[in-house]
Amino acid sequence: MTVHELPLSGITVVSLEQAVAAPYATRQLADLGARVIKLERPGEGDFARRYDTTVHGHSSYFVWLNRSKESLTLDVKDPRGKEVLHQLLAGADVFVQNLAPGGAGRLGLGVDALAERHPRLIPCTISGYGTTGPWADRKSYDLLVQCQTGLVSLTGTAEETARVGISVADIAAGMYAYTGVLTALYTRATTGRIHPVEVSLFEALAEWMGQPANYTRHGGSQPARLGTQHATIAPYGAFTTADGKQVLFSIQNEREWARLCADFLLQPALTDDPRFATGSDRVAHRDALNAIVAERFARSDAEEILKDLEEAGIACAGVNDVAAFLDHPVLAARGRWQEVAVPGATVQALRPPADLAGVPARMDPVPDVGEHTDAILTGLGLSPDAIASLRADAVV
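Heads up: these notes are all about the structure in this document. All of these numbers come straight from a predicted model, not from anything done at the bench.

## Some thoughts on the overall build of the protein chain
What the protein chain contains, in helices and strands, is 18 helices and 11 strands. For the protein chain, the spread of C-alpha atoms along the three principal axes comes to 85 × 45 × 40 Å. Split into buried and exposed, the 396 residues of the protein chain put 44% on the buried side. A sequence separation of at least 24 residues applies to 65% of the contacts in the protein chain between residues at least 6 apart. Summed over all atoms, the accessible surface of the protein chain reaches about 19700 Å², with 54% contributed by carbon and sulfur. Between the averaged position of the 35 positive side-chain charges in the protein chain and that of its 47 negative side-chain charges there is a distance of 4 Å.

Listed below in structure tokens is the structure:
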């Protein structure tokens with residue numbers, strides 16, 4: 001199946017994007033066959049290209065987020081660059097931007113201005129705290145939003161907080177922008193109506209904070225910070241085996257609790273212990289229960305613990321590092337790794353997680369800075385001399 005037969009073939013996305021959130025949204029659109037034209041600064045490109053140099057000299061972030069896109073260098077502050085942008089938008093379906101607060105408006109790319117000039121275009125705005133409200137003009141990045149939503153206060157141990165180890169606010173915003181654009185495209189196709197999409201990092205991650213928000217509002221205090229333990233379920237967490245490894249397991253219901261007691265702990269009478277009669281009781285007496293579990297773990301190595309828990313029907317897993325994750329048998333057996341070209345090399349990348357039956361994953365190359373500039377401008381009707389003039393003036 002060629003790119004022209006993928007679900008979003010025929011859809012063109014122009015993205016004035018940087019960092020993580022917007023590139024993640026547009027990469028997912030590209031995965032489904034959309035033509036994504038990524039606008040980058042002449043000479044330097046998206047600053048995420050320089051976050052690190054670990055992937056054959058390229059940034060691990062950039063390689064993850066930008067496959068299957070076309071890179072056009074363009075100074076959109078220059079009137080000639082802005083006119084090129086509007087030529088692109090005239091033939092586009094979606095415009096995505098995550099500029100600094102107020103940046104789109106200063107460039108004449110606000111939602112109202114775009115609607116007047118490009119009435120069929122779906123604009124998608126990704127911001128830190130929303131385009132209105134008291135924090136509309138504040139800059140933001142992932143860790144700030146993790147802190148502002150309270151996520152950091154829930155993460156770590158009783159002694160110390162910790163950030164989540166991936167860019168979870170950016171990823172959440174990118175996911176909601178992606179689904180918002182898909183919904184807007186569907187609505188335009190079925191009703192003709194245009195619905196601009198707006199997503200903020202703060203509100204995206206706020207949605208993910210729904211359970212602790214309810215717990216805190218109605219319970220009077222927030223969930224405890226317990227490392228791998230769970231604030232409202234016990235036993236739940238990682239315990240150390242006789243060979244010094246960590247195995248995590250969780251009990252989700254009374255049936256599993258009874259099986260854990262009888263078949264793994266070999267203490268069926270624990271189900272009659274009033275300290276552990278209900279889930280809430282087990283949480284209240286977590287320390288005593290954890291001591292019983294820890295004693296059982298200390299008698300067997302990790303392989304035996306995993307075998308015994310699985311035979312008892314208890315969900316469990318070893319605690320992998322990233323290297324072990326890369327070699328995970330599920331990823332290998334299900335063919336989740338696929339080669340992707342980057343400038344000067346080829347790397348292994350994970351296929352998109354949502355499989356559509358009969359639709360192969362699109363895994364086209366990660367572009368070099370401005371790699372498609374001449375081709376895109378030629379497609380807009382610019383002559384070689386006109387392109388050379390723009391390049392001489394650093395407009396492209």
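Text resumes after the structure shown.
## Section: the packing of aromatic side chains
Going through the model one piece at a time under the given rule, you end up with 11 aromatic pairs. Judged by centre distance (5.9 Å) and plane angle (25°), the rings of phenylalanine 249 and phenylalanine 297 are stacked. Linking phenylalanine 249 in strand β8 (residues 246-250) with phenylalanine 297 in helix α13 (residues 286-297), this pair joins segments that are 48 residues apart in sequence. Each member of the pair, phenylalanine 249 together with phenylalanine 297, is buried. An aromatic cluster is defined as three or more aromatic residues linked by ring pairs; in this entry it consists of Tyr24, Phe47, Tyr51, Tyr61 and Trp64. Positioned above the aromatic ring of tryptophan 135, the side-chain terminus of arginine 138 is 3.6 Å from the ring centre. In this structure, arginine 296 is placed above the aromatic ring of phenylalanine 264, and the distance from its NZ or CZ to the ring centre is 4.4 Å.

## Points about the nonpolar core
Judged by nonpolar contacts, the single largest core of 34 residues is most densely connected at Val13 and Ile126. Those elements that provide at least two residues to this core are α1 (21-31), β4 (94-97), β5 (122-127), α8 (168-191), β6 (197-200) and α9 (201-208). Top contributing element to this core by residue count: α8, with 9 residues.

## A look at the sheet that holds β4
Spatial ordering of the open sheet is given by β3-β2-β1-β4-β5-β6, a layout of 6 strands whose pairing is parallel. The open sheet has two edge strands, β3 (70-73) and β6, and neither has a second partner. The mean angle between the axes of side-by-side strands here comes to 20°, regardless of whether they run parallel or antiparallel. The sheet contact formed by strand β1 (residues 12-16) and strand β2 (residues 35-40) spans 4 bridges and is parallel. Bridge pairing in β2 links valine 13 to valine 36. Together, β4, β5 and β6 form the strand contacts of α8, whose direction differs from that of β6 by roughly 170°.

## Observations regarding the pattern of salt bridges
Counted by the stated rule, this structure contains 23 salt bridges. Where glutamate 70 meets arginine 35, a salt bridge forms, and the shortest distance between an N and an O atom there is 2.8 Å. Here the residue glutamate 70 occupies a position in strand β3, and arginine 35 occupies one in strand β2, the gap between them amounting to 35 residues. We classify glutamate 70 as buried; its relative accessible area is 19%. With relative accessibility at 36%, the residue arginine 35 sits in the partly exposed group. For the salt bridge of glutamate 254 with arginine 282, the shortest nitrogen-to-oxygen distance reads 2.8 Å. Highlighted residues: glutamate 254 in helix α11 (residues 254-264) and arginine 282 in helix α12 (residues 279-284), separated in sequence by 28 residues. With a relative accessible area of 38%, glutamate 254 lands in the partly exposed category. One connected set of salt bridges, linked through shared partners, spans Glu17, Lys38, Asp46 and Lys69.

## Side note on a negative patch on the surface
On the surface, a cluster of negative charge is contributed by Asp243, Asp301, Glu303 and Glu304. The residue aspartate 243 is located in the loop between β7 (236-240) and β8 in this model. A relative accessible area of 39% means that aspartate 243 is categorised as partly exposed.

Conventions used here
- Residues numbered from 1 in each chain as written.
- Predicted model: local features only at pLDDT ≥ 70, side-chain atom pairs only at ≥ 80, totals over all residues.
- Heavy atoms only, no water.
- Helix = DSSP H or I, 4+ residues; strand = E, 2+ residues; numbered from the N terminus.
- Buried < 20%, exposed > 50% of the residue type's maximum accessible area, 1.4 Å probe, protein only.
- Contact = heavy atoms within 4.5 Å.
- Areas by Shrake-Rupley, 256 points an atom, 1.4 Å probe, with all protein chains shown as cover.
- Lys, Arg positive; Asp, Glu negative; His and termini not counted.
- Charge placed at Lys NZ, Arg CZ, Asp CG, Glu CD.
- Phe/Tyr/Trp six-rings, centres within 6.5 Å; stacked < 30°, edge-to-face > 60°.
- Lys NZ or Arg CZ within 6 Å of the ring centre and 35° of its normal.
- Core = buried A, V, L, I, M, F, W, Y, C linked by side-chain atoms within 4.5 Å.
- Pairing = 2+ DSSP bridges.
- Axes fitted to C-alpha atoms, helices over the stretch in contact; angles between N-to-C directions.
- Salt bridge = Lys/Arg side-chain N within 4 Å of Asp/Glu carboxyl O.
- Patch = residues over 30% accessible without salt bridge, like charges linked within 9 Å, V, L, I, M, F, W, Y side chains within 5 Å.

Any link to function would need more than the numbers given here.
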